[in-house]
Amino acid sequence: MVLDKKVAEQTINYLTQINAIKLNTKNPFTWTSGIKSPIYCDNRLILSYPDVRKFIADEMTNIVKNLYGENISVAGVATGAIAIGAMIAERLDLPYAYVRPEPKGHGLKNQIEGSIQEGSNVVVIEDLISTGKSSLNAINALKSEGYNVMGMLSIFSYNFQFANKKFEDQNISINSLSDYNSLVEKIESEGSLNEIEINRLKTWREDPEIWK
């Protein structure tokens, strides 16, 4: 869910300006899951641009503070949200940790790196929500250690209905600075793609697994 349309628009503007969002309706990208996609979003690039980095961290900080208050801890999802999550926690003076995709294969074999008080309320920061698999993996890792996950906040979400349902089934609220709808609206307003290409973008979001 996008909470502020103006913030969503500015986020999309920044992501396209720094080429974090790439579009190709004719030669789609292939995700790790095997899904063919006309869009590729690499939010790690945000960290290289001070103005963009500050905007994203400031806006996410405001959302966390307004939605969840002060009696919380922050956890970033590795690897894309480690830095942004730490910036949010620093601004709010809160405990912070990050969650690996899986436990380390050596040493202490931690999946959660950092020290957050047992039983804490935790807000999870994600750079990107797509199918929901990696995001929910992090959430479940926190839950398994006894933390109370309050919700997840991301920079960008594809807003797939099948992914949203996964979060709903686990009673996890999700919010994003921007989403796929915001991107398509920007493209339509600019007229940078023709009607056929716009329709392909909309059709893809409805059922990405069978889109061609």
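All values derive from a computational prediction rather than experimental measurement.

What follows concerns the nonpolar core. Ile-56, Met-60, Ile-84, Ile-125, Phe-156, Tyr-158 and Trp-204 are the most contacted members of the largest nonpolar core, which totals 47 residues. If you list the elements that add at least two residues to this core, you get helix H1 (5-17), strand S4 (39-41), helix H2 (50-68), helix H3 (82-92), strand S8 (121-129), strand S9 (148-157), helix H6 (180-190) and helix H7 (195-206). For this core, the element with the highest residue contribution is H2, accounting for eight residues. Residues contacting Met-60, with those up to four places away along its chain left out, are Ile-84, Ile-88, Ile-125, Glu-126, Leu-153, Ser-154, Ile-155 and Leu-177.

Enumeration according to the criterion identifies 12 aromatic pairs in this entry. When the centroid spacing of 5.7 Å and the interplanar angle of 90° are considered together, the rings of Trp-31 and Trp-204 count as edge-to-face. Taken together, the residues Trp-31 in the loop between strand S2 (29-30) and strand S3 (36-37) and Trp-204 in helix H7 connect sequence positions 173 residues apart. Ring centres 6.4 Å apart and planes at 35° place the aromatic pair Tyr-158 and Tyr-180 in the tilted group. Here Tyr-158, found in the loop between S9 and helix H5 (161-169), pairs with Tyr-180, found in helix H6; they are 22 residues apart in sequence, far enough to count as distant. Side by side, Tyr-158 and Tyr-180 carry an identical accessibility label, which is buried. Grouped by ring-pair contacts, the aromatic residues Trp-31, Phe-156, Tyr-158, Phe-160, Phe-162, Tyr-180 and Trp-204 constitute a single cluster.

Inspection of the entire model under this criterion finds seven salt bridges. The shortest N-O distance in the salt bridge between Arg-44 and Asp-42 comes to 3.8 Å. Residue classification places Asp-42 among the buried positions, given a relative accessible area of 18%. The salt bridge involving Asp-58 is made with Lys-54; its shortest N-O contact spans 2.7 Å. With Asp-58 and Lys-54 both in helix H2, this residue pair falls four residues apart, about one helical turn. For Lys-54, a relative accessible area of 48% gives the class partly exposed. Taken together, the salt bridges that share partners define one network made up of Lys-54, Asp-58 and Arg-91.

Each value, and the rule that gives it
Residues numbered from 1 in each chain as written. Predicted model: local features only at pLDDT ≥ 70, side-chain atom pairs only at ≥ 80, totals over all residues. Heavy atoms only, no water. Core = buried A, V, L, I, M, F, W, Y, C linked by side-chain atoms within 4.5 Å. Buried < 20%, exposed > 50% of the residue type's maximum accessible area, 1.4 Å probe, protein only. Helix = DSSP H or I, 4+ residues; strand = E, 2+ residues; numbered from the N terminus. Contact = heavy atoms within 4.5 Å. Phe/Tyr/Trp six-rings, centres within 6.5 Å; stacked < 30°, edge-to-face > 60°. Salt bridge = Lys/Arg side-chain N within 4 Å of Asp/Glu carboxyl O.

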